[in-house]
Amino acid sequence: NIDVSGLVDSDTGLLDRAIFTDEQLYRQELRRVFAPNWLFLAHIDQFHKPGDFFTTYIGEDPVIVTMDKDRRIRAYLNSCRHRGARVCRADEGATRNFTCTYHGWAYDLDGKLVSIPNKDGYPESFDTKDWGLVEVPHVETYRGLIFGTWNPQPSPLRDYLGDMAWYLDAMLDHDDEGTVVVGGVHKWVLEGNWKLAAEQFATDWYHVNMSHASALMVLSPTKNPKNEIVHRTGRQFLDPNGHGAGFPVHAKNRFNAQKVHEWIDYDALRERLGEARVEGPLTDGHATVFPNFSYLPVIGTIRVWHPKGPDRMEVWSWTVVDKSMPPEVREAQRLYNLRTFGPSGIFEQDDGENWSEVQAISHGFITNSVPLNYQMGIGSEREDGRHPGTTSELYSDAAGRAFYGRWRDLMNTPAWHEKETR
Ligand code: FES
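Residues numbered from 1 in each chain as written. Predicted model: local features only at pLDDT ≥ 70, side-chain atom pairs only at ≥ 80, totals over all residues. Heavy atoms only, no water.

Undergrad: Would you take a moment to explain the environment of D22 for this structure?
TA: One can find D22 in the loop between α1 (18-21) and α2 (23-34). Under the relative-accessibility criterion, D22 is labelled partly exposed at 29%. Between the C-alpha atom of D22 and that of D311, which follows or precedes it by 289 residues, the distance is 9.1 Å. Residues contacting D22, with those up to four places away along its chain left out, are I2 and P310. Polar side-chain contacts of D22 include one of 2.9 Å to the backbone nitrogen of Q24. (Helix = DSSP H or I, 4+ residues; strand = E, 2+ residues; numbered from the N terminus. Buried < 20%, exposed > 50% of the residue type's maximum accessible area, 1.4 Å probe, protein only. Contact = heavy atoms within 4.5 Å. Polar contact = N/O pair within 3.5 Å; in protein donor to acceptor, adjacent residues only side chain to side chain.)

Encoded structure:
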């Protein structure tokens, strides 16, 4: 294990580029950042009856998320106990058993090994009870978002989210009916380290006016003919667990779909969520739940940055809407999300290009010896009395420093599996 203290200095706001490129650090991340933390798995609306399943990843470990016969959401390592093949190769669907297509071992919805061909060929000591799927020990849900962790003794999900829950509710708690998913899950590959994306969604409003200048002009040619800075004021939330969110305050031009905008009852929302939240995180905010789950409240996009090696990530994206939305409003939100932050969305293209560009030159020897700057807003962190937790200016790297501070601490802390073997 590598001590990363010298690579991340959150006091001075300097970062060593090796954290985006080094293979050994990447392996350590999988052990110490991904395995012990709560990670987003799926949305509850993807499961309606026993046997519904969705396959995803915790770090690079493939997992099956499914609803068992008691309608409980459970998750298993998607790897056969025989020779290790995936027992489910489909992205999603419904089944009674997960049958491995290599030699035919079959597991039920409780993960039990229920059938194996040529069982007589095994010794008497062989007991199918010992060879069930490895279960993800903790799966919890927050307002429809399902999270899981390999950590045998995690803090409860709600505690892990802490103040972040207040910001998440700006997207998830518009009424008592909750949210549903519209359309499928979009998946695409980007050449770039997963942290570049997670960090940007946590802390970076700064890039918007430069990187998205063309897109903003296309969306609002009359409002913004000279590409003026769109939002000057706002806040950024930072959290000791590494979560982050940024949002303009009292944004004049919410750039969500007009039909959605017209349908939303802002007075009712103000009553439920409060003025600070409706005129804050519910404007054009961005956010990351550490480490790799991000969302944009008004667009309705939720996404995971799956790590695929130090230089590559896979983006998985859902559109989430209020269940109470009528079909035509849901469709308007889905289309708007696709046009802006879908795989070929006009904003998504800008972001992906930036991350890939940064990554493409990160392996240079001299390039790697020059620190990166996260100093904007140093010393501006405070409690502002209007938004929970600690906040900074909208244009700030404060949540980025907190994100990497948390990453550094986890990287320097032995995870449960290392403690057990000592
Ligand atoms: Fe699954 Fe052999 S690897 S049955």
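Don't stop here, the text continues.
Undergrad: It is not clear to me how a nonpolar patch on the surface should be interpreted in this structure. Could you clarify?
TA: Together, F365, I366 and V370 make up a nonpolar patch on the protein surface, roughly 360 Å² of accessible area in all. Positionally, V370 belongs in the loop between α12 (346-360) and β20 (372-373). With relative accessibility at 45%, the residue V370 sits in the partly exposed group. (Patch = residues over 30% accessible without salt bridge, like charges linked within 9 Å, V, L, I, M, F, W, Y side chains within 5 Å. Areas by Shrake-Rupley, 256 points an atom, 1.4 Å probe, with all protein chains shown as cover. Salt bridge = Lys/Arg side-chain N within 4 Å of Asp/Glu carboxyl O.)

Undergrad: I tried to follow the layout of surface pockets on my own but got confused; where do I start?
TA: Summary: where empty space remains is shown by rolling a probe the size of a single water molecule over the atoms. Empty space within the largest pocket amounts to approximately 420 Å³. Taken together, 15 residues line the largest pocket, and the ones lying closest to its centre are E199, D204, V358, N373 and Y374. Sorting the residues of the lining of the largest pocket by element identifies α5 (194-203), α12 and β20 as the ones contributing at least two each. When the residues that make up the lining of the largest pocket are grouped by side-chain class, the tally is six nonpolar, five polar and four charged. Taken as a whole, the second largest pocket holds about 240 Å³ of empty space. Surrounding the second largest pocket, 16 residues form its lining, P36, N37, N151, R406 and L410 being those nearest its centre. Where the lining of the second largest pocket is concerned, the elements lending two or more residues are α13 (398-411) and α14 (416-420). Split into classes, the residues belonging to the lining of the second largest pocket amount to eight nonpolar, five polar and three charged. (1 Å grid on protein atoms, 1.4 Å probe; cavity = no way out; pocket = protein on both sides within 12 Å on 5 of 7 lines; lining within 4 Å. Points joined across faces, edges and corners; volume = space filled by probe spheres on them. Nonpolar A, V, L, I, M, F, W, Y, C, P; charged D, E, K, R; others polar.)

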